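Below are the chains, spelled out letter by letter.
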Amino acid sequence: MTIKQLVEMLVGKRASDDTKRWRAYKARVNQLPENYRTAVEALERYLMYRGAITKGDVFMSMLNDLADLFEQSVANGTTIREIVGEDPVEFAEEFLQNYSEGQWINKERERLTDAINRAAGDKP
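About the cut-offs
- Residues numbered from 1 in each chain as written.
- Predicted model: local features only at pLDDT ≥ 70, side-chain atom pairs only at ≥ 80, totals over all residues.
- Heavy atoms only, no water.
- Salt bridge = Lys/Arg side-chain N within 4 Å of Asp/Glu carboxyl O.
- Helix = DSSP H or I, 4+ residues; strand = E, 2+ residues; numbered from the N terminus.
- Buried < 20%, exposed > 50% of the residue type's maximum accessible area, 1.4 Å probe, protein only.
- Phe/Tyr/Trp six-rings, centres within 6.5 Å; stacked < 30°, edge-to-face > 60°.
- Axes fitted to C-alpha atoms, helices over the stretch in contact; angles between N-to-C directions.
- Parallel < 35°, antiparallel > 145°, perpendicular 65-115°, else oblique.
- Left-handed = near helix turned anticlockwise from the far one by under 90°.
- Contact = heavy atoms within 4.5 Å.
- Nonpolar A, V, L, I, M, F, W, Y, C, P; charged D, E, K, R; others polar.

> A description of the pattern of salt bridges should follow, citing residues and the corresponding values.
Between side chains of opposite charge, a pair can form when the charged atoms approach closely. The final tally for this structure, using the stated rule, is five salt bridges. One salt bridge in this structure joins Glu44 and Lys26, with 3.4 Å as the shortest N-O distance. You can see Glu44 sitting in helix H3 (residues 34-51) and its partner Lys26 sitting in helix H2 (residues 14-30), a full 18 residues away along the chain. By relative accessible area, Glu44 is classed as buried at 8%. Overlapping salt bridges bring together Arg28, Asp68 and Glu71 as one network.

Next up, the structure:
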């Protein structure tokens, strides 16, 4: 049995599907002009670290939306600066807000609230 087969057996075909989605996304990004590709890869890295998204489907939706945005911008002749503005971090933070349901911190906030509610006797 290969490692891939073992992973698929343990977590189902979903791991394989996520890999396919990742490869398709990367292929799209690789088709962008070099400067747009560089911008997307920089945003991808920031979003990956800052976003702390634990849900693969949410993460891939976010990346595919980013690729859509840049593909459309290339087609429309929109410059990178017109896309991200003067502050790329602000752009990334605003972009990330659209995908907050998959963030790790939300799970931890829920755990904290539940633990305090149980400790205070508010929940069984």
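That covers the picture; the talk isn't over yet.
> Run through the packing of aromatic side chains, naming residues and quoting values.
Overall, the coordinates contain four aromatic pairs when judged by the stated rule. Here Tyr36 and Phe70 contribute two aromatic rings whose centre-to-centre distance is 6.3 Å and whose plane-to-plane angle is 80°, an arrangement assigned as edge-to-face. With Tyr36 in helix H3 and Phe70 in helix H4 (residues 56-76), the pair connects residues that are 34 residues apart, well separated along the chain. Look at Tyr36 and you get buried, because its relative accessible area is 11%.

> Could you give an account of the packing of H3 against helix H6 (residues 88-97), naming the residues involved and the relevant values?
The interhelical angle for the contact between H3 and H6, taken along N-to-C directions, is 55°, at an axis separation of 10 Å. Classed by the angle they form, the pair H3 and H6 counts as oblique. Every pair of crossing elements has a handedness; the one defined by H3 and H6 is right-handed. Here H3 contributes Leu43, Tyr46, Leu47, Arg50 and Gly51 to the contact with H6, which in turn contributes Pro88, Val89, Phe91, Ala92, Glu93, Phe95 and Leu96. Broken down by class, the residue content of the contact of H3 with H6 amounts to nine nonpolar, one polar and two charged.

> Tell me what's going on with the environment of Leu66, and back it up with residues and numbers.
Within the fold, Leu66 resides in helix H4. Between the C-alpha atom of Leu66 and that of Glu44, which follows or precedes it by 22 residues, the distance is 8.4 Å.

> Report on the side chain of Ser73, specifying residues and quantitative values.
Here Ser73 lies in helix H4. With relative accessibility at 6%, the residue Ser73 sits in the buried group. If we ignore the near neighbours within four places in the chain, the residues touching Ser73 are Thr78 and Ile83.

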